[in-house]
Amino acid sequence: MAMVWGILAQALHIALILAAAPLLTGVLRWLKARMMGRRGASPLQPLRDLAKLLRKTPVLAENASAVSRVAPYVAVGAAVAAAALVPSFARGMAFSPLADLILVAGLLALGRVAMALAGMDVGTPFGGLGAAREMSFAVFAEPALVVAALTLAILAGTTNIDTIAGAFREGGLGLRVSLGLALVGMVAVAIAENARIPVDNPSTHLELTMVHEAMILEASGRHLALWEYAAMLRLALWLALLSAVFLPFGQAPAGAAPHLWVVGLLAWVAKMGALALALAAFESAIAKMRVFRVPEFLGAALLLGLLGAVYLFVSTGLS
């Protein structure tokens, strides 16, 4: 029976994250607009934009290769696969044995590479500029995520997200300095991965500040909808990952009956809403930093992660 519940929970989780991603982006934009004194568009606006773009045929440059045609699907596929591995309202889902932090990092890297290749494919200056910036940021962001995963693995004994969430849910690990440093590092990586302020501004098209948008300037129609949807999925994935690891309360345990999923679902919606509110407040209160300061920002996240891991080695006697 537990296997049936696991498969059913996995199917519901995938449907939930696919539907929640555009809505989360819409809620975030609405919150930011309200905090800045504007009325703001409806939270459903991203869904309407995606529906409109999906009905349009993409227009490609004459020299575009198969990379421009395939890359949007690769990016969305990688984002969907990664999002399917991060638990939301319940643990013990069918894919939970595969829910490894390193695997999730690899899938995110696959989507990043697909976007960079698409940006460089037609040889435009903006595409190359955005791809170069994205890869230079990844040099710091990916090690910072791996170091944070190392800290969590030392504490929980594994890099499996489901098991880490369960270990933190039990409360046996308690509050630790290393855990706080890992949280800071992962939040910094999440901001960079999702092209949020202060690393990037997804609503700008200024040459001096563009990173993510520069790589998809040539995209249109269905391809642009896929790129936008992949970005929405990554944002939902990161907020779900942070809530699963650092706010694991309310999750239904593995093998739980469906009536406990309702509690887990309500808790997940509340946590995602709180994280979206915190992100909107943060972005409304801070200015975008210069592009050349971003490596310093991510380098600080990497150093904090390393400090947390070293402190954990020393404090637990593993050294």
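One numbering rule holds for all chains: residues counted from 1, following each sequence as written. Whole-chain, interface and lining totals are the exception, using all residues; otherwise, since this is a predicted model, local features are given only for residues with pLDDT of at least 70 and side-chain atom pairs are given and counted only at 80 or more. As a rule here, side-chain values come from all non-hydrogen atoms in the structure, and water together with hydrogens is ignored.

Asks: Can you walk me through the overall build of the protein chain in this structure?
Replies: Numbering of helices and strands runs from the N terminus; a helix is a DSSP stretch of H or I covering at least four residues, while a strand is a stretch of E covering at least two. A count of helical and extended segments in the protein chain gives 11 helices and zero strands. Reading the helices (α) and strands (β) of the protein chain from amino to carboxyl end gives α-α-α-α-α-α-α-α-α-α-α. Note that the radius of gyration is over C-alpha atoms, with the globule rule given as 2.2 Å times the number of residues to the power 0.38. Here the C-alpha atoms of the protein chain give a radius of gyration of 20 Å, agreeing with the 20 Å that 2.2 N^0.38 yields for 319 residues. Along the longest, intermediate and shortest principal axes, the C-alpha atoms of the protein chain span 55 × 45 × 45 Å. Partly exposed residues are those whose accessible area sits between 20% and 50% of the maximum for their type, while under 20% is buried and over 50% is exposed, using a 1.4 Å probe and protein chains only. For the protein chain, the proportion of its 319 residues judged to be buried stands at 50%. In the protein chain, 80% of the contacts between residues at least 6 apart in sequence involve partners at least 24 apart. Method for areas: the Shrake-Rupley scheme with a 1.4 Å probe, in which residue coverage is limited to the protein chains shown. Only carbon and sulfur atoms are counted for the fraction: they give 70% of the accessible area of the protein chain, which is about 14300 Å². A contact between two residues is defined here by any heavy atoms of the two lying within 4.5 Å.

Asks: Is there a simple way to explain the UniProt feature "transmembrane region" (unreviewed entry) in the protein chain in this structure?
Replies: UniProt positions are given in the numbering used here, feature names are shortened, and annotations may be inferred rather than shown by experiment. Here the UniProt feature "transmembrane region" (unreviewed entry) sits at residues 12–31, 70–90, 102–123, 135–161, 173–192, 231–249, 261–282 and 294–314. Helix makes up 100% of residues 12–31 and strand 0%, with an end-to-end C-alpha separation of 27 Å. As a span, residues 102–123 carries 91% helix and 0% strand, and end to end its C-alpha atoms are 32 Å apart.

Asks: How should I be thinking about helix 9 (residues 221–246) in this particular structure?
Replies: An α-helix turns once every 3.6 residues. As a result, residues three or four positions apart point the same way. Take the number of residues in a helix, subtract one, and multiply by 1.5 Å to get its expected span. Under the 1.5 Å per step criterion, the end-to-end length of helix 9 is 38 Å for 26 residues, consistent within 8% with the ideal 38 Å. Burial analysis of helix 9 places 23 of its 26 residues in the buried class, which makes it a mostly covered element.

Asks: Help me out: how do you make sense of the packing of helix 5 (residues 125–156) against helix 7 (residues 177–193) in this one?
Replies: The geometry of a pair of packed helices is captured by two quantities: the angle between their axes and the separation between those axes. What counts as an axis is a line fitted to C-alpha atoms, over the stretch in contact for a helix, and the angles between N-to-C directions run from 0 to 180 degrees. Relative orientation of the contacting elements helix 5 and helix 7 amounts to 150°, with a least axis distance of 9 Å. Taken together, helix 5 and helix 7 sit at an angle that is classed as roughly antiparallel. Seen from above, helix 5 lies across helix 7 with left-handed handedness. Across the interface between the two elements, Ala-141, Ala-144, Leu-145, Ala-148, Thr-151, Leu-152 and Leu-155 of helix 5 pack against Ser-178, Leu-179, Ala-182, Met-186 and Val-189 of helix 7. In the contact of helix 5 with helix 7, the residues fall into 10 nonpolar, two polar and no charged. Working rule for angles: under 35 degrees goes down as roughly parallel, over 145 as roughly antiparallel, 65 to 115 as roughly perpendicular, anything else as oblique. Here a crossing is taken to be left-handed if its near helix is turned anticlockwise relative to the far helix by less than a right angle, and right-handed if that turn runs clockwise. Residues were grouped as follows: Ala, Val, Leu, Ile, Met, Phe, Trp, Tyr, Cys and Pro as nonpolar; Asp, Glu, Lys and Arg as charged; and all remaining residues, including Gly, as polar.

Asks: Is there a simple way to explain the nonpolar core in this structure?
Replies: Counting 82 residues, the largest nonpolar core has Leu-152, Met-186 and Trp-238 as the members making the most contacts within it. Top element by residues in this core is helix 9. It accounts for 18 residues. Filtering out sequence-adjacent residues up to four positions away, Met-186 remains in contact with Leu-145, Ala-148, Leu-152, Trp-238, Leu-241, Leu-242 and Phe-246. For our purposes a nonpolar core is just a set of buried Ala, Val, Leu, Ile, Met, Phe, Trp, Tyr and Cys residues, chained together by side-chain atoms within 4.5 Å. Residues Ala-9, Met-93, Ala-252 and Trp-261 belong to the second largest nonpolar core, which totals seven residues.

Asks: Can you walk me through helix 6 (residues 161–170) in this structure?
Replies: By the burial criterion, the buried members of helix 6 are Ile-161, Asp-162, Ile-164, Ala-165, Gly-166 and Phe-168. Tucked into the core, helix 6 has its buried residues touching helix 4 (101–121), helix 5, helix 7 and helix 9. Here a polar contact means two N or O atoms within 3.5 Å. Within protein one must be a hydrogen donor candidate and the other an acceptor candidate, and residues neighboring in sequence count only if both atoms are side-chain atoms. Measuring from the side-chain oxygen of the N-cap residue of helix 6 to the backbone nitrogen of Asp-162 gives 2.9 Å; that N-cap residue is Asn-160. With its phi angle positive at about 80°, Gly-171 sits one or two positions after the end of helix 6.

Asks: What is the right way to read the packing of aromatic side chains from this model?
Replies: Given two aromatic rings, their pairing is described by the distance between the two centres and the angle made by the two planes. Ring geometry is summarised as follows: Phe, Tyr and Trp rings, the Trp one being its six-membered ring, pair when their centres sit within 6.5 Å, and such pairs are stacked at plane angles under 30 degrees, edge-to-face over 60 and tilted between the two. Counted by the stated rule, this structure contains two aromatic pairs. Measuring from ring centre to ring centre gives 6.0 Å for Trp-5 and Trp-261, while their planes differ by 90°; the resulting arrangement is edge-to-face. Of this pair, Trp-5 sits in helix 1 (residues 2–35) while Trp-261 sits in helix 10 (residues 258–285); the two residues are 256 residues apart in sequence, bridging distant segments of the chain. Its relative accessible area of 21% is what places Trp-5 among the partly exposed residues. The class for Trp-261 is buried, based on a relative accessible area of 8%. Among the aromatic residues, ring-to-ring pairing joins Trp-5, Phe-89 and Trp-261 into one connected group. Between Lys-271 and the ring centre of Phe-249, over which it is positioned, the NZ or CZ distance is 5.1 Å. Comment: the charge-over-ring label is applied if NZ (Lys) or CZ (Arg) is within 6 Å of the ring centre and within 35 degrees of the ring normal.

Asks: Honestly, the pattern of salt bridges in this entry has me stumped. Any pointers?
Replies: Oppositely charged side chains can pair when the atoms bearing their charge come close. By convention in these notes, a salt bridge is any Lys or Arg side-chain nitrogen within 4 Å of a carboxyl oxygen on Asp or Glu. According to the stated counting rule, one finds six salt bridges in the structure shown. With a shortest N-O distance of 2.3 Å, Glu-142 and Arg-112 are connected by a salt bridge. Within this pair, whereas Glu-142 is found in helix 5, its partner Arg-112 is found in helix 4, the two being separated by 30 residues in sequence. We classify Glu-142 as partly exposed; its relative accessible area is 32%. What emerges from the salt-bridge pattern is a single network uniting Arg-112, Glu-134, Glu-142 and Glu-193.

Asks: How should the environment of Ala-149 be read in this particular structure?
Replies: Within the fold, Ala-149 resides in helix 5. C-alpha of Ala-149 to C-alpha of Leu-107: the two residues are 42 residues apart in sequence and 15 Å apart in space. Not counting chain neighbours up to four residues away, the residues in contact with Ala-149 comprise Leu-101, Ile-102 and Thr-159.

Asks: I would appreciate a short explanation of the packing of helix 3 (residues 66–85) against helix 9 in the present structure.
Replies: Contact pair helix 3 / helix 9: the axes reach a minimum separation of 9 Å and the direction vectors enclose 20°. If you check the angle between helix 3 and helix 9, you find them roughly parallel. Between helix 3 and helix 9 lies a crossing of left-handed hand. In this structure, helix 3 uses Ser-68, Arg-69, Ala-71, Pro-72, Tyr-73, Ala-75, Val-76, Ala-79, Val-80, Ala-82 and Ala-83 to contact helix 9, whose residues at the interface are Arg-222, His-223, Leu-226, Trp-227, Tyr-229, Ala-230, Leu-233 and Leu-237. Tallied by class, residues from the contact of helix 3 with helix 9 come to 15 nonpolar, two polar and two charged.

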